[in-house]
Amino acid sequence: MSALPLIFTAGWASGVNAYAVVLLLGLFGRTGLTDSVPEALQRTDVLIAAAVLFAIEAVADKIPYFDSFWDALHTVVRPASGAVVAALLAGQDGSLSELGAAAVGGATALASHLVKAGTRMAINTSPEPASNIVASTAEDISVAGIITLAVFHPLPAAIVAGILLLIGLVLVTFLATRIRSYLRRRRQRRAARTAAAT
């Protein structure tokens, strides 16, 4: 069970920014700051790919409306990444079944991804782009902070991740009206474009 707090935290963070999680864990392992990171995440090709994808996401995630499209594309990527990272962490630790760890990491990543995507839909109902930039930057800082904390203090990090996930779920429920409004306007724009094209 010793790896479970790190697995849960990595799952939560993967749902927000999977590339940052892989990059940070890999760098922590590569620099020798921790021995809880598997070799697979420390490989040079993995670190380069994660860094490039993180840079792309850092830009894409700050563009209004495109960020929601980006989130839709990552509905499979983030939970899958959370599951893979969790399975690797469990295999490294040897205290958990890799399949069970993958389920925890993937499910947690899916829940936090849905919170992120939902709040972004609500944010996109406001006309100015500054809120997207602020939200994206706050997410990146949160992921970096929580993964750093998880590497050195896994249990407190898991508690913080759990609290953030709970707050996010409550917030998305509260913002459901704005999200439905956003989806309705998006459908109307698509219908108008289709009508104009025909």
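Notes on the structure in this doc start here. Predicted model, so just to flag it, every value in this text is computed and none were measured. Numbers given to residues run from 1 along each chain, matching the order in which its sequence is written. Given that the model is predicted, a residue must reach a pLDDT of at least 70 before its local features are reported, and side-chain atom pairs must reach 80 or more before they are shown or counted; all residues, however, enter totals for whole chains, interfaces and linings. Excluded from the side-chain calculations are hydrogens and water; all other atoms, namely the structure's heavy atoms, are used.

## Thoughts on helix α6 (residues 130–152)
Under the DSSP-based scheme used, a helix requires at least four consecutive residues in state H or I and a strand at least two consecutive residues in state E, with every element numbered from the N terminus. Under the convention used throughout, the expected extent of a helix is 1.5 Å for every residue step, that is, one less than its residue count. Taking 1.5 Å of rise per residue, 23 residues should cover 33 Å, and α6 covers 33 Å from first to last C-alpha, within 8% of that figure. Burial classification: accessible surface area is computed with a 1.4 Å probe over protein chains only, and a residue below 20% of its type maximum counts as buried, one above 50% as exposed, and the rest as partly exposed. The set of residues buried in α6 consists of Asn132, Ala135, Ser136, Glu139, Asp140, Val143, Ile146, Ile147, Ala150 and Val151.

## What about a nonpolar patch on the surface?
Nonpolar side chains (Val, Leu, Ile, Met, Phe, Trp, Tyr) within 5 Å and like charges within 9 Å form the patches, drawn only from residues with over 30% relative accessible area and no salt bridge. Surface accessibility in these figures is a Shrake-Rupley result with a 1.4 Å probe; residues are shielded only by whichever protein chains are displayed. By convention in these notes, a salt bridge is any Lys or Arg side-chain nitrogen within 4 Å of a carboxyl oxygen on Asp or Glu. On the surface, a cluster of nonpolar side chains totalling about 450 Å² of accessible area is made up of Val59, Ile63, Phe66, Phe69 and Leu73. The element that contributes the greatest number of residues to the nonpolar patch is helix α4 (residues 66–93), accounting for three residues. Relative to the helices and strands, Leu73 resides in helix α4.

## Side note on the nonpolar core
One finds Ile7, Leu25 and Ile147 to be the most contacted residues of the largest nonpolar core, which totals 38 residues. Elements supplying a minimum of two residues to this core: α1 (4–30), α3 (44–60), α4, α5 (98–123), α6, α7 (154–174) and α8 (176–197). A per-element tally of this core places α1 first, with twelve residues. Side-chain atoms within 4.5 Å are what join buried Ala, Val, Leu, Ile, Met, Phe, Trp, Tyr and Cys residues into a set we call a nonpolar core.

## A short note on the packing of α1 against α3
As a rule, the C-alpha atoms of each element are fitted with a line to give its axis, helices using only the stretch in contact, and angles between N-to-C directions run from 0 to 180 degrees. At their nearest, the axes of α1 and α3 sit 8 Å apart, and the two run at 145 degrees to each other. α3 is crossed by α1, and the crossing has left-handed handedness. In this structure, α1 uses Val16, Asn17, Tyr19, Ala20, Val22, Leu23, Gly26, Leu27 and Arg30 to contact α3, whose residues at the interface are Thr44, Val46, Leu47, Ala50, Ala51, Leu53, Phe54 and Glu57. Helix crossings are classified by the rotation of the near helix relative to the far one: an anticlockwise turn of less than a right angle makes the crossing left-handed, while a clockwise turn makes it right-handed. Any two residues whose heavy atoms approach within 4.5 Å are treated as being in contact.

## Overview of the side chain of Thr9
Structurally, Thr9 is set in helix α1. In this structure Thr9 comes out as buried when scored by relative accessible area, which is 0%. There is a polar contact of 2.8 Å between the side chain of Thr9 and the backbone oxygen of Pro5. Not counting chain neighbours up to four residues away, the residues in contact with Thr9 comprise Ile146, Ala150, Pro154, Ala157, Ala158 and Ala161. Polar contacts, as used here, are pairs of N or O atoms within 3.5 Å; protein pairs need one atom able to donate a hydrogen and one able to accept it. Residues neighboring in sequence count only if both atoms are side-chain atoms.

## Looking at α8
Over its 22 residues, α8 extends 32 Å from the first C-alpha to the last, a length consistent with the 32 Å expected when each residue adds 1.5 Å. Turning to α8, its buried residues number three or more, namely Ile179, Ser181 and Tyr182. Looking straight down α8, one finds that the buried residues subtend no more than 160 degrees of arc, so they occupy a single side. Turned more than 90 degrees away from the buried face of α8 sit Thr177, Arg187 and Ala195, all of them exposed. Working note: the arc is built from the helix axis to C-beta atom directions.

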